[in-house]
Amino acid sequence: MTNDELLDAFPGVRLDQDNAAYYRGLLDGELLINRCDDCATWHFPARSACPRCWSRSVTPTAVAGTGTIVLLTMLHQGSRKEGADYTVGHPLVAVELDEQPGLRLGGTVLGVDPRTVQLGERVRIVIRRLEGRGPRVDFERMP
Ligand SMILES: [Zn+2]
């Protein structure tokens with residue numbers, strides 16, 4: 001895929017050299033997070049240098065995609081979103097991935113009664129495609 005095709009796949013997203021691999025991964029149904037080749041620290045969002053040791057040797061690396069809800073906000077108003085029902089509340093969560101403490105991604109929890117979402121729940125990523133936008137990461141409860 002060319003850079004132009006990647007830009008077309010994610011309208012409105014600020015793509016750059018550092019995060020291109022992350023978005024290419026989403027198109028392939030894979031979550032790639034930058035990991036330092038020197039100290040093995042993961043970091044997100046993607047940067048060109050490791051935030052721990054400043055090494056410029058970082059590699060987009062697949063993660064297991066499982067984690068724990070560490071922050072939870074219930075939105076009762078907001079912009080129109082596919083699947084969001086603000087009358088019952090739309091959960092916005094930060095999930096700490098199992099790979100490393102502090103490695104967090106944001107999203108919503110799909111396929112549940114939003115009122116039952118709780119801190120500490122185990123979830124896994126879902127990469128879903130939205131009409132007119134590129135794929136994005138959300139979460140679902142672990143079975
Ligand atoms: Zn490092």
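Source: prediction; values computed, not measured. (Residues numbered from 1 in each chain as written. Predicted model: local features only at pLDDT ≥ 70, side-chain atom pairs only at ≥ 80, totals over all residues.)

**Points about the sheet that holds strand 2 (residues 42-43)**
In sheet architecture, strand pairing relies on hydrogen bonds along the backbone and comes in two forms, parallel and antiparallel.
Consideration 1: Reading across the sheet, the three strands line up as 2-1-3 and stay open at both edges, with antiparallel pairing between neighbours. With partners counted over all chains shown, the strands left at the sheet margins are strand 2 and strand 3 (58-62), one partner each.
Consideration 2: Judged from the five bridges that link them, strand 1 (residues 32-36) and strand 3 form a sheet pairing that is antiparallel. Bridge pairing links N34 to P60 in strand 3. (Pairing = 2+ DSSP bridges. Helix = DSSP H or I, 4+ residues; strand = E, 2+ residues; numbered from the N terminus.)

**A look at the sheet that holds strand 8 (residues 136-141)**
Consideration 1: Taken in spatial order, the five strands line up as 6-5-4-7-8 in an open sheet, and their pairing is antiparallel. With partners counted over all chains shown, the strands left at the sheet margins are strand 6 (104-107) and strand 8, one partner each. This sheet shows a mean twist of 40° between the axes of neighbouring strands, independent of strand direction. (Axes fitted to C-alpha atoms, helices over the stretch in contact; angles between N-to-C directions.)

**Details of the domain arrangement of the chain**
Consideration 1: As far as domains go, the chain holds domain 1 (1-62) and domain 2 (64-143).
Consideration 2: On the side of domain 2, eleven residues touch domain 1, which itself brings eleven residues to the contact.
Consideration 3: Looking at the side of domain 1 that touches domain 2, the element that brings in the most residues is helix 2 (residues 20-27), giving three residues.
Consideration 4: Residues of the side of domain 1 that touches domain 2, tallied by class, amount to ten nonpolar, one polar and no charged. (Domains from an automatic or database assignment. Contact = placed C-beta atoms within 7 Å. Nonpolar A, V, L, I, M, F, W, Y, C, P; charged D, E, K, R; others polar.)

**Thoughts on the nonpolar core**
Consideration 1: L31, I33, V93, V95, V109, V123 and F139 are the most contacted members of the largest nonpolar core, which has 15 residues in total.
Consideration 2: Put simply, the parts of the chain that give this core at least two residues each are strand 1, strand 5 (90-97) and strand 7 (122-128).
Consideration 3: Per-element tally for this core: the top contributor is strand 5, with three residues.
Consideration 4: Residues from two domains meet in this core; each of domain 1 (1-62) and domain 2 (64-143) gives at least three. (Core = buried A, V, L, I, M, F, W, Y, C linked by C-beta atoms within 7 Å. Buried ≥ 20, exposed ≤ 12 C-beta atoms within 10 Å, placed from the backbone.)

**Points about unusual backbone geometry**
Consideration 1: Along the chain, F44 connects to P45 via a cis peptide bond; the corresponding omega equals 0°.
Consideration 2: Here P45 shows up in the loop between strand 2 and strand 3.
Consideration 3: Despite not being glycine, A40 has its phi angle at roughly 70°, a positive value.
Consideration 4: Checked against the element boundaries, A40 lands in the loop between strand 1 and strand 2.
Consideration 5: Judged by C-beta crowding, with 13 C-beta atoms within 10 Å, A40 ranks as partly exposed.
Consideration 6: Despite not being glycine, W54 has its phi angle at roughly 65°, a positive value.
Consideration 7: The residue W54 is located in the loop between strand 2 and strand 3 in this model.

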